[in-house]
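# Observations on the model geometry
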Amino acid sequence: MAGSVEGENGGVPVGGQVAMAPGVVTGGVEDAYGEDRATEDQTVTPWAVCIASGHSLLRDPRHNKGLSFTEKERDTHYLRGLLPPVVLSQDLQEKRMLQNVRQFQVPLQRYTALMDLQERNERLFYKLLIDNVEELLPVVYTPTVGEACQKYGSIFRRPQGLYISLKEKGRILEVLRNWTEKSIQVIVVTDGERILGLGDLGCQGMGIPVGKLALYTALGGVRPSACLPITIDVGTNNEDLLKDEFYIGLKQRRATGQEYSEFLDEFMAAVRQNYGQKVLVQFEDFANHNAFTLLEKYRTNHLVFNDDIQGTAAVVLAGIIAALKSVGGTLADHTFLFFGAGEAGTGIAELVALEISRQANVSVEEARKKIWLVDSKGLIVASREETLQPFKKRYAHEHEPVKDLLGAVKAIRPTALIGSAGVGQSFTKERPIVLALSNPTSQSECTAEQAYTWSQGRAIFGSGSPFDPVKYNDKLFVPAQANNAYIFPGFGLGVVISGAVRVSDDMVLAAAEALAEQVTPEHIEKGLIYPPFSIIRKISANIAAHVAAKAYDLGMATQLPRPKDLVKYAESCMYSPVYRSYR
C-alpha cells in the first residue's frame, strides 16, 4: 500500500487493506491495529506478547540479564543484534554497576541509580545489594530513603507497587486483582502519615514499602514476586504537599474516624479474600493514634505485624540483652528510661517488660515498674493518668511530676537510656547503655561522638541510623546500629516458611533472643551489641528458624510436617539472585 489511501471509514479495514484517514502517509507499512492513527478520541487496544523474547525480554526486569545473555540464548530468544557482541559475567556486571553507583556523590543520586537498576535488571540489583549490604543499606533504606520520600513526586518514574486511594472505596478487591502476581506472601503497607521522623508525606511514603520489601528479599530471602508494596492514600495534612503541583497523591485533607476505619476494614478484608489468611501484612509508618489501634484490631483475626512497634522493640531488646553481656546483671537488675512514648517507645517498653516477666518469673505489671517513660510533657506519672493515651497509662507510676528529660534522669537514675522521640540532640547525660533510635540521622537524640565523650568512653551506644566510628582516648569505638533490618526480614521469612496464621508476642521475643544469641564475645569486646551486617543472611536464617519454631510450638504453623532442621530449611528457602539459564 503506497502513498495515501483515502476512505470514509476512518481507518476500518476494507477488503484486506486498511483505509487511512485523509492525508495519512503509511510509508508502505500496513498499520494493522490502527495504532498510528489513534488519538485520545479514537482508541486502540494495547496488545502485548505473552512470552518474553527480543525487545520484550530486555524490558522485563525479572528475566533480563543484559550483557550476560549467552550466545545460545541470544539466538534462541531473538536477541541477536539487540545487544553489543560482548558477553559479560554477572560478577563483572556487578563490579561495573558498583563503580557507577560510587561515582555519585549525592546519596539521592545513588538511590535513584539503584532504583533504576531494580526496574531494569532485578537479579543484578539484588546481587549488588546482598554482596555490598553494609555500603548500600543506607542508600536503599535509612537515611537516604527519607529524602527520597520527601522528593518522591519529583523522582517518580514508574509505579513499583499498588496505590489504593479513597477513589477506590468499594473497589479495593478489584484493585488488588490488577496486580499481576497472585502468590503474594508479604505485603508492606503505609498510609504515609508518619514517615520516619519526617512527618506526613502522604502518597509519597511509597518509598518506605518499596525499600522494606527490597530488604525482605535481599536480607531475608523472600522472593521478589511474593512481595507487594502498597500505599493507602487517604489524603495528607501536609500543606506543602497540598500546594505542590508535582505531588502525586490526593490533594485533600486526611480522612479520619469512621471513613478511615471503614476504608481499612475493606482493605484488610480484600487482602484476605484475594491472598488468603497466610499473607503477612506489615503496617509501616502509621501515626501513633492509628498504629496501636490497627494492630490491636486486626492481630486476632489476621496475620499482621507492625514494624515500628514490634520490629523496633525486638531489635532494641536484642541489643539490651547483648549489652548485658558487657555491663552485667539481668534485665530485672536494670532501670530503663525511655525518651519518647509513641509507638516505638511504648512498643520497646512492653517487650522489655515481657522479657523481664519471663526471666524473673514475675507478672508483667510488676516488670513494668522497672520502666519509666518521658513524653513531650515530662515524666509519665500516676497524677497524669486521666490525660494519657491508653497505651501510656500502664507506665504511669507513682512519682512526683518531672517536666523534662534531664530532671527525669536525675530523679530515676536509669542504667539504660533509650530515645525514640524524634527530637534531635536530647541526650546530655552519661549512662552505661545509650540507645538513640530516632531516624533519620538528623533526628537522633545524640551522636555517637557525644555519647562516648560524655561517658568518657564507658557508654555502650546504639542508634537508629548509621554513625561513623569514633576515636576517643586512642581507642576506636564502632557504634552499633539498632536497625529494624536486623529483625523484620528474618521474622517475615520465619512466618512464611512455617505457614503461620497469626503473630504472637512470643514469636517477636523469639526473634529478639535469636539476634542477641548471635552476638559473640569478640563482638562485645569491640563494643558491638549487634553482629555485623556482612553476615545478615545467616542472621536472618537463624531468626527465621527461631520464629518458625515458636509458631510450631504454639500451634500456629500450617506448613506440615515440621522440618527437622529449621535453620537449614530457612536457608534452602531463601531467594538467590544468581542468573538462571534459559532454554
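Residues numbered from 1 in each chain as written. Predicted model: local features only at pLDDT ≥ 70, side-chain atom pairs only at ≥ 80, totals over all residues. Heavy atoms only, no water.

With an unreviewed UniProt entry as reference, the protein chain is termed Malic enzyme, source organism Zea mays. Under the heading Subunit (unreviewed entry), UniProt records this for the protein chain: "Homotetramer." Looking at the Sequence similarities (unreviewed entry) heading of the UniProt record, one finds this comment for the protein chain: "Belongs to the malic enzymes family." (UniProt positions renumbered as here; feature names shortened; annotations may be inferred.)

Quick look at the overall build of the protein chain now. In terms of helices and strands, the protein chain carries 24 helices and 16 strands. For the protein chain, the residues scored as buried account for 57% of the 583 residues in total. In the protein chain, of all internal contacts separated by at least 6 residues, the share reaching a separation of at least 24 is 66%. (Helix = DSSP H or I, 4+ residues; strand = E, 2+ residues; numbered from the N terminus. Buried < 20%, exposed > 50% of the residue type's maximum accessible area, 1.4 Å probe, protein only. Contact = heavy atoms within 4.5 Å.)

On to the pattern of salt bridges. What the rule picks out here adds up to 30 salt bridges. Between R368 and E350 there is a salt bridge; the shortest N-O distance is 2.5 Å. Of this pair, R368 sits in the loop between α16 (364–367) and β9 (371–375) while E350 is found in helix α15 (residues 343–360), placing the two residues 18 residues apart along the sequence. You can call R368 buried: its relative accessible area is 11%. Where R358 meets E513, a salt bridge forms, and the shortest distance between an N and an O atom there is 2.4 Å. (Salt bridge = Lys/Arg side-chain N within 4 Å of Asp/Glu carboxyl O.)

Of note, the bond from T142 into P143 is cis; its omega dihedral lies within 30 degrees of zero at 10 degrees. When you line up the elements, P143 lands in the loop between α6 (133–140) and α7 (144–150). Even without being glycine, D285 reaches a positive phi, approximately 55 degrees. For D285, the position within the fold is in the loop between β6 (280–283) and α13 (288–298). Classification of D285 by relative accessible area gives buried; the value is 2%. You will see that R413, though not glycine, has its phi angle at about 50 degrees, which is positive.

Residues F336 and F338 point to one face of strand β8 (residues 336–339) and L337 and F339 to the other, with burial holding for every one of them. Here β8 runs beside β9; their pairing, made up of four bridges, is parallel. Considered in β9, the bridge of F339 is made with V374. As judged from the four bridges shared by β8 and strand β11 (residues 416–419), these two strands associate in the parallel manner. Bridging from a neighbouring strand, F338 pairs with I418 of β11. (Pairing = 2+ DSSP bridges.)

What follows concerns the packing of aromatic side chains. Within this structure, the stated rule accounts for 15 aromatic pairs. Residues Y126 and Y575 carry aromatic rings whose centres are separated by 5.8 Å and whose planes lie at 80 degrees to one another, so their mutual orientation is edge-to-face. Linking Y126 in helix α5 (residues 122–131) with Y575 in the segment after α24 (566–573), this pair joins segments that are 449 residues apart in sequence. The class of Y575 is buried, set by a relative accessible area of 9%. K65 extends its terminal NZ or CZ atom over the ring of Y582, reaching a point 4.8 Å from the ring centre. (Phe/Tyr/Trp six-rings, centres within 6.5 Å; stacked < 30°, edge-to-face > 60°. Lys NZ or Arg CZ within 6 Å of the ring centre and 35° of its normal.)

We now examine the nonpolar core. Membership of the largest hydrophobic core comes to 122 residues, with the highest contact counts inside it found for F336 and F491. Counting only domains with at least three residues in this core, you end up with domain 2 (141–302) and domain 3 (310–484). The residues touching F336, leaving out its near neighbours within four places in the chain, are I320, L331, V352, I356, K370, I371, W372, P414, A416 and I418. (Core = buried A, V, L, I, M, F, W, Y, C linked by side-chain atoms within 4.5 Å. Domains from an automatic or database assignment.)

We now examine the sheet that holds strand β7 (residues 304–306). Pairing is parallel across the open sheet formed by five strands, whose spatial order is β3-β5-β4-β6-β7. The two strands at the open ends of the sheet, each matched to only one other strand, are β3 (162–165) and β7. Geometrically, the sheet is characterised by an average inter-axis angle of 25 degrees between neighbouring strands, direction not taken into account. Judged from the four bridges that link them, strand β4 (residues 186–190) and β6 form a sheet pairing that is parallel. Across the sheet, the residue bridging to V188 is Q282, located in β6. Lying on the sheet, helix α20 (residues 488–498) is in contact with β4, β6 and β7; it crosses β6 at an angle near 155 degrees. (Axes fitted to C-alpha atoms, helices over the stretch in contact; angles between N-to-C directions.)

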